[in-house]
Amino acid sequence: MINILVPLIIVFLLQLIFYSWWWIILVPLVLGFLEKDSALKASAGTGLGVFLLWFGMAIYQWKSGGEIIVTRIAEVMGAGSGFVLALATGLVGFLVALIAGYAGFSLRKVLIKEYQIS
Amino acid sequence: MRLFKTILSFVLLLTLFNLLNNSQGSIPPLGKFLNPFAGFWQNGESLDQIDQVLDVKGLRDEVQVVWDERHVPHIFANTTYDVYFAQGFLTARHRLWQMEFQTHVAAGRVSEIIGEKALEFDKMQRRRGLLMAAETTIQHMDEDTETHLILQAYANGVNTWIESLTPATLPLEYKLLNYEPEVWSTLKTALLLKFMAWDLTGRNSEMDMSIIQATLGEAFVNAYYPQHTPLTDPVIPSGKPWRFEAMTPDSIPPAFVPQFVQDLRKGEPDEDNGSNNWAVSGEKTASGFPMLANDPHLGLKLPSIWYEVQLTTPDMNVYGVSMPGAPAVIVGFNRDVAWGVTNAASDVLDWFEIEFKDTSYSEYLYSGEWIKSDMRIEEIFIRDGDTVLDSFPITRFGPLVYFGDSNLDNGHPVGLAMRWSAHDPSNEMLAVRNMNLATDRKTFYTAIEDFEAPGQNFVMIARDGDIAIRHNGKYPLRGQDQGKFVRAGRDTIGEWQDWIPYEQLPAISNPWSGFVSSANQNPVGKNYPYYLGWDYDDYERGSRINDRLEKLSKIKFGDMQDLHMDNFNTQAELMLPFLLKQIDVDNLSGDMKTIVSDLSGWNYVSDPQEKAAWVYKQWWLRLEKAIWNDELNIFGEIRKIPTRSVTARLLLKKRNLVYYDDIDTPEQEGRAEIINRAFKQTMVELTEALGPYGEAWELGRARGTDINHLLSVKGLGRTGLFTGGGQGIVNATKKTHGPSWRMLVEMGDHPRAKGIFPGGQSGNPGSPYYDNAVNDWVAGKYYDIHFLDATDIDANSKLSLTRLRNYQ
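Remember, predicted model here, so these are calculated numbers, not experimental data.

> Explain the overall build of chain A here, please?
Per the secondary structure count, chain A includes five helices and zero strands. Reading the secondary structure of chain A in the N-to-C direction produces α-α-α-α-α. Projected onto its principal axes, the C-alpha positions of chain A cover 60 × 25 × 25 Å. Across the 118 residues of chain A, 49% fall into the buried class. For chain A, the proportion of contacts with a sequence separation of at least 24, taken over those separated by at least 6, is 74%.

> Even after reading the chapter, I still don't get the interface of chain B and chain A, so can you show me in this structure?
A common way to express how large an interface is: the accessible area buried when the components associate. Tallying the contact residues gives 36 residues for chain B and 30 residues for chain A. Elements with a contribution of two residues or more to the side of chain B that touches chain A: helix H1 (2-21) and helix H2 (30-34) of chain B. Its residues placed into classes, the side of chain B that touches chain A shows 19 nonpolar, twelve polar and five charged.

> Looking at this structure, how should I read the nonpolar core?
Soluble globular proteins: nonpolar side chains tend toward being buried together. Residues and elements named next belong to chain B. The biggest cluster of nonpolar side chains holds 218 residues, and the ones touching the most others in it are Ala86, Ala279, Met460 and Ile461. By residue number, the principal contributor to this core is helix H3 (residues 80-107), which donates 15 residues. When neighbours within four sequence positions are excluded, Met460 is seen to be in contact with Ala279, Val337, Ala338, Trp339, Arg441, Phe444 and Ala468. Counting 28 residues, the second-largest nonpolar core is a separate cluster that includes Leu599, Tyr659, Met683 and Leu686.

> Can you help me understand the pairing of strand S11 (residues 349-355) of chain B in this one?
Remark: a regular strand shows side chains that alternate across the two faces of the sheet. All names here are of chain B. Counted residue by residue, S11 has seven buried out of seven residues, so it is predominantly covered. Both S11 and strand S17 (residues 413-420) contribute to a ladder of seven bridges, which runs antiparallel. Across the sheet, Leu349 pairs through a bridge with Trp420, a residue of S17. By the bridge criterion, two bridges tie S11 to strand S20 (residues 487-488) in an arrangement that is parallel.

> Just checking my understanding: could you explain helix H2 (residues 23-34) of chain A for this structure?
If you check H2 of chain A, its first and last C-alpha atoms are 16 Å apart, about what twelve residues at 1.5 Å a residue would give, namely 16 Å. Listed as buried for H2 of chain A are Trp23, Ile24, Ile25, Val27, Pro28, Leu29, Leu31 and Gly32 of chain A.

> Mind showing me how you'd approach the sheet that holds strand S16 (residues 398-407) of chain B here?
One key point about sheets: their strands pair by backbone hydrogen bonds, in either a parallel or an antiparallel sense. All names here are of chain B. Strand order in the open sheet formed by six strands is S14-S15-S16-S17-S11-S20, and the pairing between neighbours is mixed. Edge strands, defined here as strands with exactly one partner in the open sheet, are strand S14 (374-380) and S20. Direction of pairing for S16 relative to S17: antiparallel, over a ladder of four bridges. In the strand pairing of S17, Tyr402 is matched with Leu416.

> Teacher, can you tell me more about unusual backbone geometry here?
With the exception of glycine, most residues fall at negative phi, and the peptide bonds are largely trans. All names here are of chain B. Here Leu302 and Pro303 are connected by a cis peptide whose omega angle stands at -5 degrees. Along the polypeptide, Pro303 turns up in the loop between strand S6 (301-302) and strand S7 (307-313). With an omega of 0 degrees, the peptide bond between Ala453 and Pro454 qualifies as cis. Among the structural elements, Pro454 can be located in the loop between helix H13 (441-448) and strand S18 (456-462). Here the phi dihedral of Asp481 falls at roughly 60 degrees; this positive angle occurs in a residue that is not glycine. Checked against the element boundaries, Asp481 lands in the loop between strand S19 (467-472) and S20. You can call Asp481 buried: it has 20 C-beta atoms within 10 Å. Located in the positive-phi region is Phe635, a residue other than glycine, with phi close to 55 degrees.

> Looking at this structure, I do not really get helix H6 (residues 130-142) of chain B. What am I missing?
Along an α-helix, a turn takes 3.6 residues, which lines up residues three or four apart on a common side. All names here are of chain B. The first and last C-alpha atoms of H6 sit 18 Å apart over 13 residues, in line with the 18 Å expected at 1.5 Å per residue. Among all positions in H6, only Leu130, Leu131, Ala133, Ala134, Thr137, Ile138 and Met141 are buried. Within H6, the buried residues cover an arc of 155 degrees as seen down the axis, which keeps them to one side. Looking at the packing, one finds that the buried side of H6 touches H3, helix H5 (119-127), helix H7 (145-163), helix H9 (186-199) and helix H12 (428-437).

> When you look at the environment of Glu631 of chain B in this model, what are you seeing that I'm missing?
All names here are of chain B. Position of Glu631 relative to the elements: it lies in the loop between helix H18 (611-628) and strand S23 (633-634). The class for Glu631 is partly exposed, based on 19 C-beta atoms found within 10 Å. Glu631 sits 196 residues away from Met435 along the chain, and the two C-alpha atoms are 48 Å apart. If near-sequence neighbours (up to four positions away) are discounted, Glu631 is found in contact with Leu216 and Tyr659.

> Help me understand the sheet that holds S18 of chain B in this model?
All names here are of chain B. Spatial strand order, S1-S31-S2-S3-S7-S8-S9-S10-S18-S19-S21: eleven strands in an open sheet with mixed pairing. Two strands lie at the open edges of the sheet, namely strand S1 (53-56) and strand S21 (507-509), each paired on one side alone. Put simply, the sheet's adjacent strands are angled 15 degrees from each other on average, direction ignored. Both strand S3 (residues 73-76) and S7 contribute to a ladder of three bridges, which runs parallel. Bridging across to S7, Ile75 finds its partner in Leu311.

What counts and how
- Residues numbered from 1 in each chain as written.
- Chains lettered and ligands numbered in written order.
- Predicted model: local features only at pLDDT ≥ 70, side-chain atom pairs only at ≥ 80, totals over all residues.
- Helix = DSSP H or I, 4+ residues; strand = E, 2+ residues; numbered from the N terminus.
- Buried ≥ 20, exposed ≤ 12 C-beta atoms within 10 Å, placed from the backbone.
- Contact = placed C-beta atoms within 7 Å.
- Nonpolar A, V, L, I, M, F, W, Y, C, P; charged D, E, K, R; others polar.
- Core = buried A, V, L, I, M, F, W, Y, C linked by C-beta atoms within 7 Å.
- Pairing = 2+ DSSP bridges.
- Expected span 1.5 Å × (residues − 1).
- Arc of directions from axis to C-beta.
- Axes fitted to C-alpha atoms, helices over the stretch in contact; angles between N-to-C directions.

This is how it looks when you write it as structure tokens:
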């Protein structure tokens, strides 16, 4: 659970202040690097954390005055409904964070292994 | 293996970053766009989002803004500076992307946003001299202290709004196209005004007319392209005597056959940009007060073309529609006068063929000598591409818009230069400001003298009972038909050297008929001593409005609304009974007989559910083609065909005419043959397109109206609207074009007004005010306009109020 909540909270706070979407790369990359044991925790944990954040935030925006824009963009993007659009948003976040978390974890393994050999 | 996996995951991550951070063709950068903290999710708005207090840096005093139920801001300020600052601030709040994008279009800077595909468009905009004209104009405007203050106040207001934006609050379109707004400048307002002038400059038929004259002869042109078309009831009644000594041009250029053929009509503004306006005196109204109606016909888009606003200071209280990007009210009313506009449609743009010494284009032939041209170099920035430099010469006859693709027999290159009245500096901003302040006909006329381009028919009413119309603008002094053809730009003959004196322009006030009107038809009859142009709208709308106004008495708003929404097809009334008589009904089968029966029973009213309206329209178009498209297919293009009224007169009067014959068939066709053939062709083609005769053939379904988003993004427009009306009909609603603002005003002790435009106040597709008026506009409904004064703020607790507080 902590592997999900930590990325969720950190990305939430950073995005609230600095807006940029690529926090969902940078934070999982760093958290992945800090994860010592499990590739699954590094990748799926951060992926799920970001999924929940983006999906949840999208639903919140949709339901708090965003009905019109969400309906229009769903039509523009051929998404069918606001829920599908929110799900797609969450999945994009999940995919990016999953790969970033794994990349961070892999990098640590390579660097630490090389360090041990040398 | 681990190293490989690491590299692979980073490659994948970088690829994803690149895909999601950058636009992919027309797909926005999905990472940014879907980001729920700053992407489109943040562009939602709800009805109750009105701030009670806003701290605004740059105001000189507190400004109060009352929002009515349609989100129209009624701005109450203590100074001229603050009222225009607030107008800029609030317009940007609602329409920033639209106003900036339109200035990019005007300036030929679209490539900066969408890349190389807009390069040719940008080049053409620059060569037409829109940017050049705006630069000259803003210098001229800045010389006037009041204009400078207004423009700068507005720009400061816009910039204050821009500075307040965050990545989350950026308008949606910036997110879709992945760019950011730049600082607003007064030049941008000048660009918008020039763009409006261009959009309303009308038709570029000179090359077609030159080609037709050279191929089919002068007699053909004189017979079928007359200056005064049949049945036209001019804006200023023909009987009006002109009591002045008219100037005469020094010389009239001789006929000239251009050596360089270029299709000038491609990319010209929509030929249906027009409008209706009229005013009736108190003697014809139920209230005894004069009344005014106006509906400018323009391309219909979302965000809406107009932004409704009330501007109030201690010395001004004006209400109406503004152009997003320009201060003040363009069409509207104050306590003393109301006004409306239609496009004058007189000719203010001529084309000249220029002979150059060589391909450096640095010298051109003028009065037997080679004289230097000014070379203008335009720098066009391309998104994700190299900057392009485009240079073209500026001549005495205007900028060279088209370069010839081959040389003259003497080896000299040629090109086509465009002389346009809007190239000259003018101050329409001051005109509009003074219109907003006008107190009677005299002060209104003084104000519009500065409104040089575009030429407009200004109709006005005043509280003192005056009604008036003026064919306003700056028109070159030319000989008969001078602007009808491409001319040789080789010497002073044909060169614009003077202007028609302002006081001699067509105008009339308080006529005995009790009304004035215009609908883009010829402004004058044959007795007016100046040549203003020839390519005006046909007679139908003007004639119908005048017929109706003549008959109406005790007029109320409802009568004016009915006339705005009048779907009567005058042209069908004239022609359909005659055409039906020519139809060989015995040789028709099935549906065709039913359709003839429906056409016979049609009352000529083009309501949306009317199938006959669409069938007749399509039949007429095919008939026109059958008559003209063979003769006028010259050099691979169908050249300009005669107007509907000319074709109608021929059909009614001539049983046999050489042009009826289809030159591609061995037999000799006569009138009845082409009418029958066009009818059958219409039936076959409509059946193919719409299926068997039925609901799909109704005007509102077969044509209807689409109001697309400015970027034509599907889902952001309103399409398939069930509308009636059409070309040549007072309700000039068409597929993508039509009444962009319907306004009615009664000028009593306290003005009363109604209005509607097909959209809403907000430019944000996520706002309930983006398209809230569309359905009511389709239904022909109007909204009551609230013309407030300061006492209303305290008296009406239901009004939503925002205080714009000075914040340093």
